[in-house]
Every structure is written in C-alpha cells, then in structure tokens.
Amino acid sequence: MASSFGDPLHEPPRDAEALLRRYRNRAVMDHYEPGSVFKIVTYAGAFEEKLLTRQQKIDCQGGSIQMNGHTILDGGRYGALTAEEAFAKSSNVAAIKTGLRLGRDRLLRYVERFGFGQPTEVGLAGETPGGVGQLSDALLGAVPMGYSVNVTPLQLCAAAATIANGGVWVQPHVARRIVSTTGDVLLDIKPRTRRVVSRETAREMTDLMRAVVERGTGKRASVRGYTTAGKTGTAKKVERGRYSETRYVASFVGFAPATRPALAIAVMIDEPPYGRHHGGDAAAPVFARVVETLLPLLKIPPDTSPEVDPAWAAGAPLPREATPDGEAADRPAPLPRPTTQATVLAAPPNPETTSVVTVGDARRMPDLRGLSLRAALMACAKAGVRLEATGFGIVRTQSIPPAH
C-alpha cells in the first residue's frame, strides 16, 4: 500500500497542507469515480444471474447509445460483440445494456456484495465508505460503467481479490497475527469472508479479465513468464460541477498469476499527463512492474512462456477506451517517451560492492547521490528521466553524472 504526491521526500514540507498531503493514505481515505474497472461488478452480476455468457453477442449499436437524453459513445464503432470481446474492448454500450438486464435492485445488490458503499474495516485511520446512494433509474446507465459511484482503491483491490479467490470476498487486513517476543500469539486476526459469486462465475470473470490483458485495453499489464488478469479504467474528473475535458483518473485492477493467483493489485493515478491518461497507458504498466518484481521475490514459479507480445513496449496503439462522451474517438497521439535513460545502484549503508551500467542522454540528469531510492525515482520523474535502479536503500553511485 503506497501513496505518492510528487513532493520531494528529502525536503521538509512547506506548510501544514503539504504535511497532511504527505501522510494522507489515499488508498483508504480518498474515493473517486473509477470508470471502466467497475465493469467487473456489472459483468459478474450478469453471469451470476445467468443473464449472460462469455460468447453471447451484445449489439453495441455502432458504438453509441442514448440514455436519459445523453449520448454515450464507445472507443470504436463496434457492432455485435461477444461479452468477452465487449469487456476486453471496454465497450460502454455493452456495459450499459448488461446493467439494464440486471436491473436496479440486482445491480445494487452486487455493488454491495463486492463491498462498495461500506468501509472494509481494515483498521487504518480515516477510511471512507464511498458509495452509490439511491440507485435511481436515471443512474442505471452510469453505474454499470463506473460513474455515479464512489470507491476507494482498497475496495477495488478487494473486489479483484474476490474474483481471484474463486468468488469469496475476504476482509482486507494489515497483519495476520501479533506475536510477543516470547512467541505468544497476542492477537490472531480472523478476517470476515462472504461468498459474492460462484466459482463458475469467478472462472468466467477470470477469462474475461485475461482477455483484457491478452488482446484488449490492458496489454501493457503483460508480464513475461506470468499470466495476468485485470481491467482498465479511465474516468473524467468533476471540475466546477461538470466533467473535465483534460483531467482524468487512470486505473488498473487485477491479479497474477491468473492461473493460481498470489497477488491482487489496484493502481490509481490521479491526473496523468493528457495523451497518456488512459488506464491501459498510465496504470497498467505500474501493475506489470509490481508483478514482475514481487512474484519472483515471493518465489512464485512462472506459469506461461517467458515470451509476450512486445508491441506494447514499442508504443503500439491499444484498443481505445472511451469515456462516456466518447473522448477516445479523437484520441490524441501519445506523448513522446523520455529519451533519457539512466541506471543507479541503491544499497544499504556501507555496501560491499557497487556497479552500474547505463546508456542515455545526460542533459537532464539530476544529482541522486545520497537520496533514498524513492526520492531518486521522484526526482527523475520530475526531470523526465527514465530510471532503472539496482538494489535498495540509499543511492551510492550513478553511472551518468549530474548535469551542470
């Protein structure tokens, strides 16, 4: 669980507001409209109620639907898609039609079953419940695609874990048990559990979420050697009572390995740069970096070929994920990737050996020596430098000298 606000951690906070921002746990204290990641709830409910199958066709009407006087668009002019294809392409029209099949009462029931609108009681201060309120008929077109509902990243992570756990929601908890220095168990945590959907529905949803990564909007969540499953989300932020045209929240939620899950992860990026603001562009790569780092550390064996489609690394376009007014239909070209690449070695104090190899343009290279690895990463991000780090702790050496 991590939150970053872009403040340099090696500098003292400028004022009380900066101090509060630095120590704010956004994973439990902040709620937001999640966008398309919430389609997990919509489709899971439809599968559980036997209203939909993976290969059942949904007419996406050329990528457009009228709801309560508003025109909702898709990222492409889709015709008839299977439920699996519609989920992978993140069709808003298909999600709305699926939500309408469920109806208000059943949709609200699954929203609550997955844990939204109520605190997880994880035991961390300031947790907000989020919620959907009274699900009126007017909102029945918004909630299925993740609007007019407020969630926390922790709630989203627990929802993904529910699918990974075979349909069982497990109360998030920070510690499994507390043990004294003498070995006595002082507190043994017994998290609450409840079945949300059947194992069959969880398997169906896992297949849909794998399709998102393998051939949909989440290709950049691919990890060499491991199967992954997830869902992207791109949601406009509210600005002066209206949805902004330039400010977004990008999300990705999923789990890995998809065949025998060990990690469930939710990534939320508040206002990524416009042009790289979609969940598949901004949040999915973060998910992939966490997975490829942690699974080997946890000694989780690979479950697939080490080769994956490298197209995402070369900047190949992804299937377009639309916000409700069809922003993706005229999607701007991606911003250029940073040209500067650098590698630093971070290690605990007094490391025995240090060595790094790097290539790149040093015109923007900051001085990272003496900084924590996290502070170095933030300094490089601010300078537009792509950083590759080896080790942990304090930066001792950097192969590219700082620019002068």
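Residues numbered from 1 in each chain as written. Predicted model: local features only at pLDDT ≥ 70, side-chain atom pairs only at ≥ 80, totals over all residues. Heavy atoms only, no water.

1. A closer look at the sheet that holds strand β9 (residues 229-239)
Spatially, the three strands line up as an open sheet ordered β9-β10-β11, and their pairing is antiparallel. Pairing within the sheet leaves two strands with one partner each, and these edge strands are β9 and β11 (263-270). Ignoring strand direction, the axes of neighbouring strands in this sheet form an average angle of 15°. Where strand β10 (residues 242-256) and β11 come together, eight bridges link them in antiparallel fashion. (Pairing = 2+ DSSP bridges. Helix = DSSP H or I, 4+ residues; strand = E, 2+ residues; numbered from the N terminus. Axes fitted to C-alpha atoms, helices over the stretch in contact; angles between N-to-C directions.)

2. Here we look at the confidence of the model for the protein chain
Model confidence for the protein chain is summarised by a mean pLDDT of 84, while 84% of its residues fall at 70 or above. Scored below 50 in pLDDT, residues 310-315 shows nine contacts in the model against residues more than four places distant or in partner chains. Every residue in residues 327-342 is under pLDDT 50, and counting partners more than four places away or in other chains gives 50 contacts. (pLDDT = per-residue confidence, 0-100. Contact = heavy atoms within 4.5 Å.)

3. Section: the nonpolar core
One finds F38, Y43, F87, F114, F116 and M205 to be the most contacted residues of the largest nonpolar core, which totals 56 residues. Counting residues per element, the ones that place at least two in this core are α3 (39-48), β2 (64-67), α4 (83-89), α5 (92-113), α6 (153-164), α7 (199-215), β9 and β10. Looking at which element gives the most residues to this core, the answer is α5, with eight residues. Residues within four places of F38 in sequence aside, it is in contact with V111, F116, V143, P144, G146, V149 and V151. (Core = buried A, V, L, I, M, F, W, Y, C linked by side-chain atoms within 4.5 Å. Buried < 20%, exposed > 50% of the residue type's maximum accessible area, 1.4 Å probe, protein only.)

4. What about the packing of α3 against α5?
For the pair α3 and α5, the least separation of the axes is 8 Å and the interaxial angle reads 75°. Classified by the interaxial angle, the pair formed by α3 and α5 is roughly perpendicular. Note on element contacts: α5 touches α3 through N92, A94, A95, T98, G99, L102, L107, Y110 and V111, opposite K39, V41, T42, Y43, G45, A46 and E48. (Parallel < 35°, antiparallel > 145°, perpendicular 65-115°, else oblique.)

5. Some thoughts on helix α9 (residues 284-297)
For α9, with 14 residues, the first-to-last C-alpha span of 20 Å sits near the 20 Å given by 1.5 Å per residue. Along α9, the residues classified as buried are A284, F287, A288, V291 and L295. Take α9 and look down its axis: the buried residues cluster within an arc of 95°, on one side only. In α9, the exposed positions that point more than 90 degrees away from the buried face belong to R289 and L297. Tucked inside the fold, the buried residues of α9 contact β9, β10, β11 and α8 (279-282). K299 lies just past α9 and shows a positive phi near 60°. (Expected span 1.5 Å × (residues − 1). Arc of directions from axis to C-beta.)

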